[in-house]
Every structure is written in structure tokens, then in C-alpha cells.
Amino acid sequence: MGVTDLNSLSFWWKCALGLSICNVVFTLKTKRCITSEEHLLRDMPTNLYCNHRPGRGPYTDCKITDLRTDLSKVGLEVRSLCIFSDIASIPANAFSHLPSLEVLQIVGESLENVQSGAFSGLPNLKYLRLLISDRICRSIAMESLAFAGLTNLEELTLEGLNLTNVSINIFDPLVSVIKLNINRTCSLDLSDIFCYLPVGMSHLKDLNVINSGISTIETKECPGASKTWPGTVLSGIRNLYLIGNSIKIIQANSLVVFQNLSSLSLEFAGQSLDSIWESGIGMVGELSLTGKKYSTNFSDLCHLVSKLHLQSLSLVFISTDRLSAKHLKDCGTTLTKLFISRMEIDLDFDFWTGNTGMQELQMAQMKLTEAPFCVAVNGTVSSLTSLDLTGNSITYIAGDQFVCMPLLEQLFLSDNAIKTLQLNAFRGLHHLKILKLDSNKISQLTAKDFRTLQALEVLLINDNIIETIEDGTFRDQRELRQLSFGRLEYVFELHLNRIFYAFPPKIQRLSIDVKYGTTFFLGSTPQTEGTFLLELSGDRLDFVDCNTTVFTAVRELKVNCTFFRCKNDFMAPYFPNLESFEFLEESEKARLSYTKINTLHRLKRLKLTDLSFNYTEAGSVFRNLTQLQTLVLVNCHLSFLTECMFQDLTSLQLLRLYSDSPLVLIDGMFEVLPVLTAFVLDRVDFQCSCENGWILDWAESTEKVQVINLQKQNCVWHYKKLNFLATMKKLCQTDLQYICCVATAGSVCLLLSAAVGYRFARWPSIVLFIRLRGWVERRFGRQWHRRRRRRVEEIEEIEEMQYDAFVSFCSRDEAWALGELVPRLEEQGNPRLRLCLHNRDFEVGKNIMDNIIESIYSSRCTVCLISRHYLRSDWCSLEMRVATNRLLEEQKYRLILIFLEHISPFELSAFHRLARLMRSRTYLDWPVDEADRVHFWDRLRRNIAEEDTEAS
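Residues numbered from 1 in each chain as written. Predicted model: local features only at pLDDT ≥ 70, side-chain atom pairs only at ≥ 80, totals over all residues. Heavy atoms only, no water.

1. Considerations on the overall build of the protein
Condition: Under the scheme used here, helices are H or I runs from DSSP no shorter than 4 residues and strands are E runs no shorter than 2 residues, and both carry numbers assigned from the N terminus. Burial classes follow relative accessibility: with a 1.4 Å probe on protein chains only, a residue under 20% of its type's maximum area counts as buried, one over 50% as exposed, and anything between as partly exposed. The contact criterion used throughout is that any non-hydrogen atoms of two residues lie within 4.5 Å. The accessible surface values rely on the Shrake-Rupley method and a 1.4 Å probe; as for residues, cover is taken only from the protein chains in view. Charged-residue counts in this description rest on Lys and Arg as positive and Asp and Glu as negative, His and the chain ends being excluded. Taken as the charge centre is NZ of Lys, CZ of Arg, CG of Asp or CD of Glu, depending on the residue.
A count of helices and strands for the protein gives 21 helices and 54 strands. Across the 952 residues of the protein, 49% fall into the buried class. When contacts within the protein are restricted to residue pairs at least 6 apart in sequence, long-range pairs at least 24 apart make up 66% of them. Put simply, the protein shows about 44,600 Å² of open surface, and 51% of that area lies on carbon and sulfur atoms. Looking at the protein, you have 101 positive and 110 negative side-chain charges, and the mean spots of the two groups are 6 Å apart.

Okay, here's the thing in C-alpha cells:
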């Protein structure tokens, strides 16, 4: 092979390489796994099937198609892995390259086979969840040694697996399992489940068999008589949970192996409750019965309580005749907890006197309209420490209503219809620590309501429409850790220093909802003992006392309002020690500058929602936030994000964006984020422009940053939304390298052809060229002259323009255009001008694009009314694009720019077309001083009428 051939091959190889490189940008590899540190987890995209256990990070969620390939890039340090997959098989040693795994969750609704040793090489795995189906039970081929190697596994969950076709020895390797959850197995008898438990599973304490179609509990041999029930394993079980199985038959002595259960939960649909204790079951600490309208009487229930020596009884959807003191007395003194929910029962409210040793009582969703437990009890004192009356229809709390329960520590009255707290409603509850009154109809809070509750730690009064709140309402609650109250719809001044007298020193969470808004007064309040979370909600949140020590203790702040201010300034800077700040602005009414967010130097997490930056220098908001780790921006009406805006975010690890309006990301913005690990795009509409190709280049090349949901984003093209990646591939596949390759190839071919022609066919080629030129002149010459003459005539006709100027403006500036511009130019002064306005002069029924083009080409010039709203308008952008195109075609055509408000060069830098126009052309500013406006209108009129060619 000669040198020429080698050079030729080298040339074509380079061209092929160039073509392959140019496609890299537009064939973005899908990264199927997302890894999160625990402190970032709350702001990362979540998968409904993945339950992240606290303290088990880093966490990785994967949506995979190929198990080995997609998991190859998961870090060795990952301790929790959740997989949502379409794979058909889990091969041996599928996860052995992740030895640090402690939690593994697999959602595989297409899974057909699990091979032996599939989970080998995971010595630290503690929790394994395998979801085969979330609706039915499904049969798959699971080999007998599928769980081999999981000797340290403590909890196993199987959902939707039909055990019928699975080896009876499948659980033999699981010698350390403490909790076994089996959901939707389609078994008919509980004994079928028992047969799968190996003798070596001696640590098993919790067995949960849920929604598995079990209807009978019988004593029968295992299939094939190859195995017997593991008596020692079953006798060690403490918690047996069988909810979701309508059990109709319980055979005598079928549960005799369970002699010391801590809890038993089942859905009973049999004939008699006696079959439960006749099953031979021994002592049971807690029994939970769900009946789905199962009917019995309380005497039978108490008989069951006595037989099983129950300490706790829970009844849901059980219909019984009556509950009185005599019935409860028959249950014996061992019963200390009674939970009744959604039952039809004739209730005597003094029933508890039959067992004064009762410690916990729940009567939730029982349609109770009152709760006179302490009436007519003759001074009998209850031992209750917890009373739950959630979800009833109680309308008031009477005086001394709970006076017979002096040991009460928890009282739940949520979701009732309570309107009134009568005098001394909670008298005698000196040990009460938790009181929940949320979701009621309480309208007044007085200083006497909670006076006796000095031990109170948690008080919830949220979701009540509170009209008045007296001074000293919470003066005695010095132990408060959590307080939530509202909505204060008619409290327009809230003096926190008066309702507390002294701010609760141990407060950890304070939530206030003021609906329409209020003015906060804090006065001189002492420093709290620790830090706390503050949640504020309402339309207007105004503060009078801003520099207070209370605000220095706030570490996390959540605000949902329109106005959040102190003396017309943004309120956030008065919380100097904030580490987490969430702010949702409900409207654009607030004309506040949010620049001082940059004074929160300790901020680690910032979430801004629906903020308007019209009065804020966007480039300064994130300055000095050197400790910020998480930034979430949701509909913040930013037109662009630049490198300058993020230059101080040296600790940022997570950036998450959502924007309803187009958002421009400027090249280089990620170069100043050295520790960024995740970039999440929930929704960002890009411009379909090759200028955005850098985003795809960066996303493909970066190794340390996870770019999440980029493939789901759209871009705007001719007022349509198209898939970003697909559109960029079509628009920009001819890049510089491709052009160079084609141009080089064409040049070489042309030179070679010329050299060969000159060497072998010089004179014949000259003769052919002369003849061809003569033929072309004879054939096309006359037609060309006729077309040229016709074009001249058309140009002369076009010069007779219909309008003096086309006015380009957005809907937000329409009032100025119609109220100021049109009357001044069309109705006043000389000469009177004819303007073209889209809302007045566009032809009805015609395509908008055609209307814009025809109107601009029928006008002598175009006048653009520039504002921030104009820059965000897609239609205005199109009108400017058409006008600049005509400007390039016709040197005499003029484009006049009028700035209705001051826009900094920094803000304009994102709009390249306008920035170039400003550098090459002069423009007009709308004067603030009315005295300068006369001169403004004269100069504008001269410019349009071509009397003056300079406007500045």
C-alpha cells in the first residue's frame, strides 16, 4: 500500500471520527440511578415504591433495564438500594459488587426467575424487600438457594409471590431473620405458610401474612409430608399479624404452638369467637380484631379476654349490643387497653368504672356527639393515661369533663365539631402532656382555657377558625415543645408577648396560620433554651419588633404568604441563624426586594416558590451563601441563570429547578459549583436553539454530577413544545466538525477532478464550457431580464407603505401603548402618523405568523416597547426577530427601541439579539421626569417620519 493510499485512509478515518464526535452531544446516555445523601433526601425526586430507612444512607434509586450494566456505576459506599425494573431474571451474584448494602428493595413486576445465589456477596444486608406484584399474586421460578448467603438478614418482605411453585426449603439460609412479611401469597390455609419456615429460623419474632386469601387455620401436614411444622420456631414468634385475610374457620388446637404471643391481629369472619381460644392459643398480650360488620356481644368478647388473659383489645368494624360497666367488669382486671373504632354500639359512658385500672382508651370514629365520662360516676377515679376521641361529632367540651381522669397524659380530640371550650373544661389534668384539638370549629381562645395544663408539651389547635385570642392564653404552658394554632382569620394584631407572657423556653416547633394576615408584636421576650422550627402562613405577615432574641433561635423557617416584611423590608434577614428557609409567595403583589437573602450566611437549605424578582437584583440574591447545600427554585420567574449568580455557592450539592416560563441557562454556570452532586429538572422549557447544546455536552461529560430528568424536558419551537433532546438532534446535528469534514472531502474531490481534467481533457473542456455558456445565455437570458424588470416594479410598489410604524408591545404594556403612544402620534402633533397595532389592525381569521410578517413588511419602521414582561413574551420575541431579519435585508429600514423601565446590562446579557442591537444602534428611554417627555415625543415623531436619523 502506497503513501497516497495511507493518507487517503487517514483522511476518511478522520472524517468518520468527526461525524461520531458530533453525535455525542445529542445521544445523551440515560443515567438510570440516582444517589442521595441523607441530608439531601427530602429534596430529591421520590419513588413511591421506595421506603428509605433513616440512618441507612447513601441511598440509590434505580430504574433499570439491564441489571449488571445499569448497576455497574453504583458507588461501593451505597447502603440502601431501591430498584424499579423490567428485568426478567436476577442472576447469581447480581449485587456482589455492592458489599456495603444494608437495605435492598426490588420492584420487579416483569420478574420471572430468581437464580440460586442471586443475593450472594451481601454480608451486611439487613433488610430485603421483593415486590413481584402490587395487585395480585404471581408465580415465578425461584430456585431453592435463591437466598443463599443472606445469613445476617433480619427482615424479609415478599409481596405478590405465589408460594405454590416455590421450593419449600426456600427460607433455609435465612437463619437470622427476625421479621418475615408475606403479602398476597394466595394461600388458603395458614399452615401452608408455616411449612415454609425452616428449623434454623430460631430468631423469628414477627410473622406478618397480609392480604393473602387465607380463610382457614387448620392442623395439617406439609405437602408431600417432606417437612413438619417447626415447633420451636413458631413457639418463639411474639407478633402474628393476619390482617386482610377473612378467616372463617379456626380448627381446634391449630394454634396450640403459640403459647406466649405479645400480639395477634386478624380479620375474623367465623361463627363464634370461641374458636379463637379453642385453637389452643396461650396467653396473648394484645388482640386486634377486624370484623367488617361482624356481629357479636360484649359478653363473648369479655369471655375471650379472660381466656387469653388479654392486656389490650382492639375492635374495628365489630358490631356489638352494648358496653356498660358490668360488661367491662366481666373482662377482668388484666385488660388495660381498649381500642374501639367504627363500631355500632349502645354505650354507657360510665362503662370504664367496671375496670378502673384501664390505662388507654380509644373510641375513634364512633359518631359520638358528647363524651360525659365523668358524669354520675360518684367520685370514681380512672387510671387512664391516654384517651383518643378522634373523628367523632363532639360539639363542646363541658366543664370538668375529664376531672375523673387525673392521670391523663394524652388527650386526642382531633377532627370533631367542637365549637366551645367551657370554663374549667380541662380542670384536673395536671399531668396532661399532649392535647390535640385540630380540625374543629373553635372560634375563641381565652386565658382560662388551658390554665391548669401546666405540664403540657404538645398543643395542636390548627385548622380552627379562631376569631379572638385573649392575652395570657398560653401563659402557664412553660413546658411547651410544640404549638400549632390557627386559622386566625379575624385577628389582625397578634401580640405574642401577651398571649405567652414569656415565650416558651423549651419550644421546638411553632406553627401559626393567620389566613388574611396580621401584625406580629413580640415586645421584649427572653431567649429560648434551644433552637426551633417556625412555620407561618397567611396573606400579610407584618412584624413590628424585628430585632428580637426569639428570632435568633429559629433554625428552620417555613413561610407561605404574599407580604413578609418588617417596616416595608423583607423579613428574612432578621433570622440571622437560619439553616433552612422555605418561602412561598402567593402572588406578585408584594413589591419587595429579596436581595437580603444573601445575608443569611449560615443557610444550608433554601427553597423559593413562586417568587417574583421584578424588584430584586437576581444576580445578588445568592451572594455570600457559602454554606448553602441545597437550592430549590420553583416558578421564581427568572429569565436566566448565570455563572455570576452562583459564584459564591461553593458548598452547593443539590440544585433543583421548576419553571412554567422559559428559562435560559448560561454556559459556564456549573463551573463555579465545585461540589455539586445532583441537578434535578422537574420542568424547564428551553429554547430550541443550538446555543443550548452546551447543556447536553456538559450532562454527557460530567461524572460527579447526576443530571436528573433532562430527557423529559421540552423546548419551545415556533410556539410549540417539543422534546428537548429529539429536537436538538434534528436541529443541530450539523455542527462544526461535520461541516469541516464535508468541506474538506468536497475540496479534495474538486481538486483531484480539476487536476485530472487539466491533464487529460483540457481543450475539450474549454470548448464544452464555451458552448454551455452560449446555450445558457440563449435559454435563460431573456427570462432573467424579464424577471429582473418585474422585481423592480414590485419594489416600487412596496415602497408605498401602508403604515408609518409597526408597534411591538406585550399585553402588560398595552395600557401605556393605547393611553400614551397612540394618542400622541396619531391624534396630536404634526405630522399625524399611522401606526399598526396587533390588537387593532391584524386581519381577523388570518394566521398570527402571517399577520406579523405582513404588518412589519407593510410599515416603514418598527417600534419596540421594551420591558421585563416584553423580554419574557414569546410573541414579542418573534416580532423582534422578524424586524431584525428585515433590518438585515434592507439597509434603509429602521428599528426603534424604547425602554419603558430600567433594565440592567446584566439582565440583558441573556437576550443576545437585543444586546447586539443595543451595541450597534441608539435607543430611547421613557423619561421619569414629565418635563422631559415633550422632547421625547418630538424626537420619536421625527425618527418615525424620517426627519431625523438619530435617537438617543
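2. Here we look at the sheet that holds strand S6 (residues 113-114)
What counts, and what does not: Strand pairing follows a simple DSSP-based rule, namely that at least 2 bridges must link the two strands.
The strand order S4-S6-S8 describes an open sheet built from three strands, whose pairing is parallel. Where the open sheet ends on each side, the last strands, each with one partner, are strand S4 (89-90) and strand S8 (141-142). Bridging between S4 and S6 involves two bridges; their strand directions are parallel. Considered in S6, the bridge of Ser89 is made with Asn113.

3. Observations concerning the state of the cysteines
Disulfides are covalent bonds that connect the sulfur atoms of two cysteines. Inclusion rule: Disulfide: a pair of cysteine sulfur atoms within 2.5 Å of each other.
As enumerated under the stated definition, the model contains eight disulfides in all. Between the sulfur atoms of Cys33 and its disulfide mate Cys62 the distance is 2.0 Å. Taking the sign of the torsion about the S-S bond as the criterion, the disulfide between Cys33 and Cys62, at about 115°, is right-handed. Note that Cys33 is positioned in strand S1 (residues 33-36) and Cys62 in strand S2 (residues 59-64), a separation of 29 residues in sequence.

4. As for the pattern of salt bridges
Note the cut-off: In the sections that follow, a salt bridge refers to a side-chain nitrogen of Lys or Arg positioned within 4 Å of a carboxyl oxygen of Asp or Glu.
Here the structure, examined in full by the defined rule, presents 35 salt bridges. Across the pair Arg135 and Glu109 runs a salt bridge, and its minimum N-O distance is 3.8 Å. With Arg135 in the loop between strand S7 (127-131) and S8 and Glu109 in the loop between strand S5 (103-107) and S6, this residue pair connects regions lying 26 residues apart in the sequence. On the basis of relative accessible area, Arg135 is assigned to the exposed category, the value being 60%. Judged by its relative accessible area of 30%, Glu109 is partly exposed. A salt bridge links Asp685 to Arg683; the nearest nitrogen and oxygen atoms lie 3.4 Å apart. Asp685 sits in the buried class, given a relative accessible area of 4%. Taking relative accessible area as the criterion, Arg683 reaches 25% and is therefore assigned partly exposed. It is possible to trace a salt-bridge network through shared partners that takes in Arg42, Asp43, Glu556, Glu582 and Arg605.

5. Here's the deal with the pairing of strand S40 (residues 605-609)
Among the five residues of S40, four are classified as buried, and the element is accordingly described as predominantly covered. Bridge analysis of strand S39 (residues 580-585) against S40 gives five bridges, and the strand direction is parallel. Pairing of Glu582 across the sheet is with Lys607, part of S40. Sheet topology note: the S40/strand S41 (residues 630-634) ladder contains five bridges and is parallel. Directly across from Leu606, in S41, lies its bridge partner Leu631.

6. Focus on the sheet that holds strand S37 (residues 563-566)
The pairing of strands in a sheet comes from backbone hydrogen bonds and takes either a parallel or an antiparallel form. Read across the open sheet, the five strands follow the order S31-S33-S35-S37-S38; overall the sheet is mixed. Both edges of this open sheet fall to strand S31 (493-495) and strand S38 (569-570), since each of them pairs with a single strand only. Pairing geometry for S37 and S38, over two bridges, is antiparallel. Within the sheet, the bridge partner assigned to Cys566 lies in S38 and is Asp569.

7. Concerning the pairing of strand S35 (residues 540-543)
Working note: regular strand, side chains alternate between the two faces of the sheet. Pairing of strand S33 (residues 517-521) with S35, which is carried by four bridges, proceeds in the parallel orientation. Of the residues in S35, the one forming a bridge with Thr519 is Asp542. By the bridge criterion, four bridges tie S35 to S37 in an arrangement that is parallel. Bridging across to S37, Arg540 finds its partner in Phe563.

8. With respect to the packing of helix H16 (residues 848-857) against helix H18 (residues 874-889)
The following threshold applies: Axis definition: a line fitted to C-alpha atoms, over the contacting stretch in the case of helices. Angles run 0 to 180 degrees between N-to-C directions. Here roughly perpendicular refers to angles of 65 to 115 degrees, roughly parallel to angles under 35, roughly antiparallel to angles over 145, and oblique to all remaining angles. Crossings are classed by handedness, with left-handed meaning an anticlockwise turn of the near helix from the far one by less than a right angle and right-handed meaning a clockwise turn.
At a minimum axis separation of 10 Å, H16 and H18 run at an interaxial angle of 40°. Considered as vectors, H16 and H18 are oriented oblique to each other. Between H16 and H18 the crossing geometry is right-handed. Within the contact between the two elements, H16 uses Ile848, Met849, Ile852, Ile853, Ile856 and Tyr857 and H18 uses Trp875, Leu878, Glu879, Val882, Ala883, Arg886 and Glu889.

9. Considerations on the packing of aromatic side chains
Operational definition: Here the aromatic set is Phe, Tyr and Trp, taking the six-membered ring for Trp, and pairing holds for ring centres within 6.5 Å; pairs whose planes are under 30 degrees apart are stacked, those over 60 apart are edge-to-face, and all others are tilted. Comment: the charge-over-ring label is applied if NZ (Lys) or CZ (Arg) is within 6 Å of the ring centre and within 35 degrees of the ring normal.
One pass over the structure, following the stated rule, counts 40 aromatic pairs. Geometrically, the ring pair formed by Trp816 and Trp926 is edge-to-face, given 5.0 Å between the ring centres and 80° between the ring planes. Remark: Trp926 occurs in the loop between strand S54 (924-925) and helix H21 (933-944) and Trp816 occurs in helix H14 (residues 814-827); sequence separation between them is 110 residues. In this structure Trp816 comes out as buried when scored by relative accessible area, which is 16%. Ring pairing ties together the aromatic residues Phe520, Phe543, Phe551, Phe564, Phe570, Phe575, Phe581, Phe583 and Tyr594, which thus form one cluster. Seen from the ring of Trp277, Lys307 lies directly overhead, with NZ or CZ sitting 4.5 Å from the centre. A cation over a ring is seen here: Arg540 above Phe563, with NZ or CZ 4.1 Å from the ring centre.

10. Description of the environment of Asp874
With respect to the element layout, Asp874 can be found in helix H18. Taking the C-alpha atoms as reference points, Asp874 and Glu143, 731 residues apart in sequence, are found 60 Å from one another. Dropping the residues within four chain positions of it, Asp874 is found in contact with Pro662, Gln687, Val716 and Tyr719.

11. Notes on the environment of Trp926
The exposure class assigned to Trp926 is buried, which follows from its relative accessible area of 16%. Residues Trp926 and Glu901 lie 25 residues apart in sequence; the distance between their C-alpha atoms is 7.2 Å. When near neighbours in sequence (up to four residues on either side) are disregarded, Trp926 contacts Trp816, Glu820, Phe899, Leu900, Arg933, Phe936 and Trp937.

12. Considering H21
Put simply, the test is: Take the number of residues in a helix, subtract one, and multiply by 1.5 Å to get its expected span.
The end-to-end C-alpha distance of H21 is 17 Å, a good match for the 16 Å that twelve residues give at a rise of 1.5 Å each. The set of residues buried in H21 consists of Phe936, Trp937, Arg939, Leu940, Arg941, Asn943 and Ile944. Structurally, H21 contributes buried residues whose contacts are with strand S50 (803-808), H14, strand S52 (859-866), strand S53 (894-899) and S54. Positive backbone phi, at 65°, marks Glu946, one or two positions downstream of H21.

13. Brief notes about a negative patch on the surface
For clarity, the cut-off: Here the term patch refers to residues with relative accessible area over 30% and no salt bridge, with like charges joined within 9 Å and nonpolar side chains (Val, Leu, Ile, Met, Phe, Trp, Tyr) within 5 Å.
Taken together, the side chains of Glu643, Asp667, Glu671 and Asp697 make up a negatively charged region of the molecular surface. Here Asp697 lies in helix H10 (residues 693-701).

14. Thoughts on a nonpolar patch on the surface
A cluster of nonpolar residues, Ile465, Tyr490, Phe492 and Tyr516, forms a patch on the protein surface that exposes about 440 Å² of accessible area. Looking at the secondary structure, you find Ile465 in the loop between strand S28 (458-461) and strand S29 (468-469). A relative accessible area of 38% places Ile465 in the partly exposed class.

15. What about unusual backbone geometry?
Cis geometry is adopted by the peptide bond preceding Arg487, which originates at Gly486 and carries an omega value of 10°. Looking at where Arg487 falls in the secondary structure, it is placed in the loop between strand S30 (482-486) and S31. Within the chain, Asn624 stands out as a residue other than glycine whose phi angle is a positive 70°. Topologically, Asn624 is positioned in the loop between S40 and S41. Its relative accessible area of 39% is what places Asn624 among the partly exposed residues.

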